[in-house]
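Inside the fold
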Amino acid sequence: MSAASCLRSEDQFLCCICLDVFTDPVTTPCGHNFCKNCITEHWNSNDQYLCLMCKKVFNTRPELHINTFISEMVSQFRQEAQQKASSSSSEQQAAKPGEVPCDVCTGTKLKALKSCLVCLTSYCETHLEPHLTVSGLKRHQLMDPVENLEDRMCMKHDKPLELFCKTDQTSVCMLCSVLDHKTHDVVPLKDEYEGKKAELGKTEAEIQQMIKKRRLKIQEIKHSVDLSKEDADREIAEGVQVFIALKESVERSLNELIETIEEKQRTTEKQAEDFIKELEQEISELKKRSSEVEKLSRSEDHLHLLQNFPSLKAAPPTKDWTAVSVRPPSYEGTVVRAVTQLEETLSKEMKKLFEAELKRVQQYAVDVTLDPDTAYFWLILSNDGKQVNDGYLKRNLLDNPERFSYCPCVLGKQSFSSGRFYFEVQVKGKTEWDLGVARESINRKGKITLKPHNGYWTIWLRNGNEYEACAGPGVRLSLKSQPQKVGVFVDYEEGLVSFYDVDAAALIYSFTGCSFTEKLYPYFGPCNNDGGKNSAPLIICPVNQTA
């Protein structure tokens, strides 16, 4: 029998009651075939003797006999199906751990391809074939293989869970919908599936968007690390260059110091050597003279002694060494002068460094304007919000919560809660001033104390020449020159607040290790007018980067 004919006859070998291949097939008087056991049990449980195929009713119970022809055909069909299954199973894969096995296979369980929600059975490729070819089985609902198919049956009514109760958010069967959930919002399981699938699609899109944002954040973080690495490498390179130059300068100064001292020593040694050589020459001449005198003094020749005495008695041509001496050279101040010269060199290098640093921080310049709602009653602000001074007269202003009520100071309008920012303020002509930054929650009423633990990071000038960092306790600052323009730089994450003398390109003071958790505002204190001595304004200047 060919495979095609096998497939064509297969539908004829199935019992319409058990939907399986005939077992002991029998034929009713109307000519239809059933499993003997299936039709017998059906007639035993019903009052009528009805043919389930043509609906013919028999008045008396028909006598059933085995249909030998059908029985032989079924036997042949079973044999061919078994051979085909054996051949197919050799090509199919056995179910691995975690995979759904075929419920029909005996012996080695093959991997299931589909599960039937009607039969509540999972099938491999071979045992799935009837559901793909037999008309009665084609109507069954197939799905990807799953375990525990009994969980898809209603435990109360033993019916498939085909509906979904939106009220109770649970799957139900047809009987549940008309009994326990009749007043509820019940929809077909497929409809709810489609709705939930659409929600999952939306959720998946949202998740993908979140993933995308996080990947972008990773790129941003990596880019920040790369920038940090570039900055670190540049800073190291510049630091190495500077310290090599300083090292070379120190070594050069040391070599010059040693050379100067050694040169003085060589000069002294040369002078001493010349004196010694000259003295030794005179000693040699004197020894020669002494030998002649001694020889003449031993002579007993009266005439000879008298004739030679005049020449020996005369003083030899020697130098007067009384005032001659070798004075050790003075080294006083040699080291001091060398160190002073080195200090000048270092100062030049430091100035270059500060100029480079100032140029870098000036890149973070921001536009700052004064906030009139925070200004003390006596302060006068320019129309453009760039200048402030003590007007010496109290103005009629609303005492709002943001305003300083006791101290002559004002905040900038702009706030900063991350990153870096920089601004410059002209202090020229003033005898007193305060400058820096303050956190948002500072006390603005009554007397205030400028200290970091109170929320202020500032420096000030008092009495025309007394500079101090308000660090609590204060740090007196010794400056080479009086700043005419002060730059303020803040690195929020680094916890750094630095002040610069812009014209001198010099660092005045830095607060380090600060912990910022609030918004920061630029802080300006022009101080009291002092009878006109301190009437000059604080002026927020545009930042012109140093050359």
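Every value quoted in this text rests on a predicted model; they were computed, and no experiment measured them. (Residues numbered from 1 in each chain as written. Predicted model: local features only at pLDDT ≥ 70, side-chain atom pairs only at ≥ 80, totals over all residues. Heavy atoms only, no water.)

Some thoughts on the overall build of the protein chain
Going by this rule: Helix and strand definitions follow DSSP, with helices as H or I runs of at least four residues and strands as E runs of at least two, each counted in order from the N terminus. Relative accessibility thresholds used throughout: buried, under 20% of the residue-type maximum; exposed, over 50%; partly exposed, between the two (1.4 Å probe, protein chains only). The contact rule is simple, with two residues in contact once any of their heavy atoms fall within 4.5 Å. To measure how exposed things are, a 1.4 Å probe is used in the Shrake-Rupley method; for residues, cover is taken only from the protein chains shown.
Per the secondary structure count, the protein chain includes nine helices and 23 strands. Expressed as a percentage of the 547 residues in the protein chain, the buried residues total 33%. When contacts within the protein chain are restricted to residue pairs at least 6 apart in sequence, those whose partners lie at least 24 apart make up 56%. Counting only carbon and sulfur atoms, one obtains 52% of the accessible surface of the protein chain, whose full area is about 34500 Å².

Section: the nonpolar core
Applied cut-off: Definition used in this section: a nonpolar core is a set of buried Ala, Val, Leu, Ile, Met, Phe, Trp, Tyr and Cys residues joined via side-chain atoms within 4.5 Å.
Residues Trp 433, Ile 459 and Phe 524 are the most contacted members of the largest nonpolar core, which totals 38 residues. Once residues lying within four places of it in the same chain are set aside, the contact partners of Trp 433 are Val 427, Ile 459, Trp 460, Leu 461, Arg 462, Tyr 467, Val 486, Gly 525, Cys 527 and Leu 538.

Brief notes about the pairing of strand β15 (residues 433-439)
Threshold: A pair of strands is labelled paired if DSSP reports no fewer than 2 bridges between them.
With six of its seven residues buried, β15 lies for the most part within the structure. In this structure, β15 lies alongside strand β16 (residues 456-462), joined through six bridges in antiparallel fashion. For Gly 436, the partnering residue across the bridge sits in β16 and is Thr 458. Both β15 and strand β22 (residues 520-525) contribute to a ladder of six bridges, which runs antiparallel.

Observations regarding the confidence of the model for the protein chain
What counts is decided by this rule: The predictor's confidence in any single residue is recorded as pLDDT, a number from 0 to 100.
Taken over all residues, the pLDDT of the protein chain has a mean of 87, while the share at 70 or more is 94%. No element of the protein chain has a lower mean pLDDT than helix α1 (residues 3-10), at 45, and none a higher one than β22, at 98. Within the model, the stretch residues 1-8 combines pLDDT values under 50 with ten contacts to residues more than four positions away or in other chains.

Focus on the packing of helix α7 (residues 189-297) against helix α9 (residues 334-361)
We apply this condition: Here the axes come from fitting lines to C-alpha atoms, over the contacting stretch only for helices, and the angles between their N-to-C directions go from 0 to 180 degrees. Roughly parallel covers angles under 35 degrees, roughly antiparallel covers those over 145, roughly perpendicular covers 65 to 115, and oblique covers all other angles. By definition, any crossing whose near helix is turned counterclockwise from its far helix by less than a right angle is left-handed, and any crossing with a clockwise turn is right-handed. Residue classes follow a fixed rule: Ala, Val, Leu, Ile, Met, Phe, Trp, Tyr, Cys and Pro count as nonpolar, while Asp, Glu, Lys and Arg count as charged, and any other residue, Gly among them, counts as polar.
Where α7 contacts α9, the axes come no closer than 10 Å and their chain directions differ by 165°. Judged by the angle between their axes, α7 and α9 are roughly antiparallel. Considering only the axes of α7 and α9, their crossing is right-handed. Taken together, the residues that form the contact of α7 with α9 break down as ten nonpolar, six polar and seven charged.

Some words on the side chain of Asp 501
Heads up, the condition is: For the purpose of charge, His is not counted, nor are the chain termini; Lys and Arg are scored as positive and Asp and Glu as negative. One side-chain nitrogen of Lys or Arg within 4 Å of one carboxyl oxygen of Asp or Glu is enough to make a salt bridge. Polar contacts, as used here, are pairs of N or O atoms within 3.5 Å; protein pairs need one atom able to donate a hydrogen and one able to accept it. Residues neighboring in sequence count only if both atoms are side-chain atoms.
Looking at where Asp 501 falls in the secondary structure, it is placed in strand β20 (residues 496-501). Within the buried core, Asp 501 has no salt-bridge partner, and the shortest N-O distance to an opposite charge, that of Lys 351, equals 8.4 Å. A distance of 3.3 Å separates the side chain of Asp 501 from the backbone nitrogen of Ala 504, its partner in a polar contact. Non-local contacts of Asp 501, meaning those with residues more than four positions away in its chain, are made with Ser 481, Gln 482, Pro 483, Lys 485, Ala 506 and Ile 508.

A few points about the sheet that holds strand β19 (residues 485-491)
The strands that make up a sheet are held in pairs by hydrogen bonds between backbone atoms, and each pair lies either parallel or antiparallel. Strands sit in the order β11-β12-β23-β14-β19-β20-β21 across an open sheet of seven strands; the sheet is antiparallel. Every interior strand has two partners, whereas the edge strands, β11 (379-381) and β21 (506-511), have only one. Put simply, the sheet's adjacent strands are angled 20° from each other on average, direction ignored. Where strand β14 (residues 420-426) and β19 come together, seven bridges link them in antiparallel fashion. Bridge assignment links Phe 423 to a residue of β19, and that residue is Val 488. Running at roughly 120° to β20, α9 makes contact with β14, β19, β20 and β21 of the sheet.

Points about α9
The α-helix advances 3.6 residues per turn, and as a result positions three or four apart in sequence lie on the same side. Basically, it comes down to this: One fewer than the residue count of a helix, multiplied by 1.5 Å, yields its expected span.
In this model α9 runs 40 Å from its N-terminal to its C-terminal C-alpha over 28 residues, within 8% of the 40 Å that 1.5 Å per residue would give. Those residues of α9 that are buried lie in contact with α7, β14, β19, β20 and β21.

So, the sheet that holds strand β17 (residues 466-469)
In spatial order, the strands read β13-β22-β15-β16-β17-β18; together these six strands make up an open sheet with antiparallel pairing. Looking at the sheet topology across the chains shown, the edges are occupied by β13 (410-411) and β18 (475-477). The sheet contact formed by β16 and β17 spans four bridges and is antiparallel. Directly across from Arg 462, in β17, lies its bridge partner Glu 466.

Examining the state of the cysteines
Cysteine pairs can be covalently joined through their sulfur atoms, and such a bond is termed a disulfide. Threshold: For this text, the term disulfide refers to a pair of cysteine sulfurs within 2.5 Å.
Evaluated as defined, the whole model comprises zero disulfides. This cysteine, Cys 54, is not joined by any disulfide, and Cys 30 carries the nearest cysteine sulfur, 3.7 Å off. Cys 54 gets classed as partly exposed once you look at its relative accessible area, which sits at 36%.

Re a nonpolar patch on the surface
Counted only if it meets this: Like-charged residues are merged into a patch within 9 Å and nonpolar side chains (Val, Leu, Ile, Met, Phe, Trp, Tyr) within 5 Å, provided each residue has over 30% relative accessible area and no salt bridge.
On the surface, Leu 175, Val 178 and Leu 179 cluster together into a nonpolar patch covering about 250 Å² of accessible area. Turning to its location among the elements, Val 178 is positioned in helix α6 (residues 174-178).

A short note on the pattern of salt bridges
In this structure the tally under the stated criterion is 19 salt bridges. A salt bridge links Lys 386 to Asp 367, with the nearest nitrogen and oxygen atoms 2.5 Å apart. Placement of the pair is Lys 386 in the loop between β11 and β12 (387-390) and Asp 367 in the loop between α9 and β11, with a sequence separation of 19 residues. Accessibility expressed as a relative area gives 17% for Lys 386, which makes it buried. A residue is classified by how much of its surface remains accessible, and Asp 367, at 55% relative accessible area, is exposed. Here Asp 434 makes a salt bridge to Arg 462, at a shortest N to O gap of 2.9 Å. In this pair, Asp 434 is assigned in strand β15 and Arg 462 in strand β16, connecting sequence segments 28 residues apart. Residue Asp 434 is classed as buried on the basis of its relative accessible area of 7%. Overlapping salt bridges, with partners in common, bring together Glu 235, Glu 238 and Arg 360 in one network.

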